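Remarks on the overall topology
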Amino acid sequence: NYLRKDSPPLLMIQGDKDTTIPVHHAYYMQEQAKACAAPVELLIVKNAGHNWRVVDAPIEPTLDDIIQRTVDFLVGELKRERAL
């Protein structure tokens, strides 16, 4: 509801087996972001519940991969801001 084209960049990381915030909410937010050209990226973590807790099988991507993706996102956004 509050996304706009000039919203700050957002990286959403969502477990596909999350029962606290079901994954369809993340997909809905991604659709809304696309509709208004808001800078939102979505990473779905397979076999993960809320806070990426393991559900039934190892999570994919791994926790190390999630951390690296988060760092890459933040560094990329900082570089982009510096270039402006």
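For the structure itself, look to the data block above.
Residues numbered from 1 in each chain as written. Predicted model: local features only at pLDDT ≥ 70, side-chain atom pairs only at ≥ 80, totals over all residues. Heavy atoms only, no water.

Description of the pairing of strand β2 (residues 40-45)
Note on strand geometry: in a regular strand, side chains alternate between the two faces of the sheet. Here strand β1 (residues 10-15) pairs with β2 via six bridges, running parallel. What sits directly across from Gln-14, in β2, is Ile-44. Assessed by its sense of winding, the connection that carries the chain from β1 through helix α1 (residues 23-36) to β2 is right-handed. (Pairing = 2+ DSSP bridges. Helix = DSSP H or I, 4+ residues; strand = E, 2+ residues; numbered from the N terminus. Right-handed = clockwise from strand over helix to strand, strands pointing away.)

Things to note about the nonpolar core
The biggest cluster of nonpolar side chains holds six residues, and these are Met-12, Ala-26, Ala-33, Ala-38, Val-40 and Leu-42. Elements with a minimum of two residues in this core: α1 and β2. Here Ala-33 is in contact with Leu-3, Ala-38 and Val-40, once residues within four sequence places are set aside. (Core = buried A, V, L, I, M, F, W, Y, C linked by side-chain atoms within 4.5 Å. Buried < 20%, exposed > 50% of the residue type's maximum accessible area, 1.4 Å probe, protein only. Contact = heavy atoms within 4.5 Å.)

Examining unusual backbone geometry
The omega torsion of the bond from Glu-60 to Pro-61 falls at 5 degrees, within 30 degrees of zero and hence cis. For Pro-61, the position within the fold is in the loop between β2 and α2 (63-83). The backbone of Trp-52 shows a phi angle near 60 degrees, a positive value even though the residue is not glycine. Examined against the element boundaries, Trp-52 turns out to sit in the loop between β2 and α2. Even without a glycine there, the phi angle at Asp-56 is positive, about 75 degrees. Residue placement: Asp-56 occurs in the loop between β2 and α2.

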